[in-house]
Structure formats: structure tokens, C-alpha cells
Amino acid sequence: MALAGGVRISGPPAPVGGRVQGLRVIYDGYRAVARCALPTFAAVGGAAVGAGLNLALAADVRIAGPRARFDARFLRLGIHPGGGMTWMLQRAVGPQRAAAMTLFSEILDADTAVDAGLAHRVVDGDHDALLAAALDFAAGAAEAPRDLLITTKRTMRHTANLDAHTDAVDAEIVPQVASLESPEFAARLAAKKAEITRSS
């Protein structure tokens, strides 16, 4: 028996209920990445096809190597898209580009993915260069206070669904005041003042 993205492609057919449950288990993995309280990113160095595209879509940010390819492919295999791909892809690239990729089998290379908003940027070089650049990119989040990072990501998810600027200000103001009163802010402010004093 062989599996592709958790779907049986050879051997006797599985009962529909068993397939549904098996796929839900696999898709729970994508959802765990998508629901992660901490920032997530995907470094895509080759073909992100079908289920691999789903995993990349679940991340907050995607960084592509020069050989990256983003390929929905489900329909070409005769399989209905799954794992929330139709929802994630439309949110990432808009309905028209998502339709082109899903219904018309358009494959995006690294540069086109950046232009479409599917990838944040392209890193030139080999696989090691991509991983190094991705880890360097992640350092910005790693240096922030953990609780503040989690709160900010939660706020961004909330404000993404708001219609008014005023509502976003209201959503941000309480956690912002809490951060201004935090020991982490006091320590970082003191360190910055000391650095300015030393350099003057």
C-alpha cells in the first residue's frame, strides 16, 4: 500500500469513514502549525506540492530558495483539495491567484510567489544558505520577550478581521500599556540609555 498526503493510492479501498478520520489526523498537524501561539516560518527550498504546500501555507511567513516551487496539484492527481488549502491559499494570494493555482494548475516559482504574496522573499544560494538566512530571519522574533511575542501575534490575528482603524487602536492599547509597565521594557530601555551614554 502507498500513501500520498495520507491518501491511499494503491491496495484495497479504505472505508470512507476511515479515510476521513485518517485525513483529519494528518490535517491536525497543519492546524497545529497554523494555531501555534509563537511565530512560525517555512523555508521552502524545493517543490511544495499538495500536502507540502499546505504545510508551508500554515506558517506565518514563507522564505523561498531559488528552486522553490508552489504547486497545488490536487486536481491533476484527481484528488479534491484538503487540509484547508482552499481557505489558506485564498487568504495568502487572493481569490484569483488561488483559482489559477487550484483550478488551472498554475505553478509559482520563487520570484512569482514573492510577487503574489505567497513568499516573503527569495534567498539566493544553496540549501544551506536558505537555512542560514531563515535562522537569521527568525532571530528577530527570538530576541523579543516571549510573552510580548505571543500577545502581539494574537492581536494581529484579531485585528486582521476588523474593519475600522479605531477598533484596531482599541484592541492594541491595553496590551501596549501592559508592555510599557513590564520589567522587560524597563530593562531594555535602561540598556539602550546606557548604550547611548557610552557612545556620546
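Residues numbered from 1 in each chain as written. Predicted model: local features only at pLDDT ≥ 70, side-chain atom pairs only at ≥ 80, totals over all residues. Heavy atoms only, no water.

Draft legend 1. Looking closely at the overall build of the protein chain. Helix and strand content of the protein chain: 9 helices and 8 strands. Here the C-alpha radius of gyration of the protein chain, 21 Å, is well above what a compact globule of 200 residues would show, namely 16 Å. The principal-axis extents of the C-alpha atoms in the protein chain amount to approximately 70 × 40 × 30 Å. Per-residue burial over the protein chain gives 28% buried out of 200 residues. Within the protein chain, contacts between residues separated by at least 24 positions form 53% of all contacts whose residues are at least 6 apart in sequence. About 12500 Å² of surface is accessible on the protein chain, with carbon and sulfur atoms providing 59% of the total. Looking at charge distribution, the protein chain has the averaged site of its 21 positive side-chain charges lying 8 Å from that of its 20 negative ones. (Helix = DSSP H or I, 4+ residues; strand = E, 2+ residues; numbered from the N terminus. Rg over C-alpha atoms; globule rule 2.2 N^0.38 Å. Buried < 20%, exposed > 50% of the residue type's maximum accessible area, 1.4 Å probe, protein only. Contact = heavy atoms within 4.5 Å. Areas by Shrake-Rupley, 256 points an atom, 1.4 Å probe, with all protein chains shown as cover. Lys, Arg positive; Asp, Glu negative; His and termini not counted. Charge placed at Lys NZ, Arg CZ, Asp CG, Glu CD.)

Draft legend 2. Main features of the sheet that holds strand β6 (residues 69–71). Here 3 strands make up an open sheet; going across it, the order is β4-β6-β7 and the pairing mixed. Since the sheet does not close on itself, it has two edges, and those belong to β4 (47–49) and β7 (108–109), each with one partner. With 3 bridges connecting them, β4 and β6 associate as parallel partners. From the neighbouring strand, V49 faces β6, where its bridge partner is D71. Its contacts with the sheet put helix α2 (residues 51–58) on β4 and β6, and the angle it makes with β4 is roughly 100 degrees. (Pairing = 2+ DSSP bridges. Axes fitted to C-alpha atoms, helices over the stretch in contact; angles between N-to-C directions.)

Draft legend 3. Region of the structure containing the sheet that holds strand β3 (residues 41–44). Reading across the sheet, the 3 strands line up as β3-β5-β8 and stay open at both edges, with parallel pairing between neighbours. At either margin of the open sheet sits one strand with a lone partner, and together these are β3 and β8 (121–122). Bridging between strand β5 (residues 61–64) and β8 involves 2 bridges; their strand directions are parallel. Across the sheet, residue A64 finds its bridge partner in β8, namely V122.

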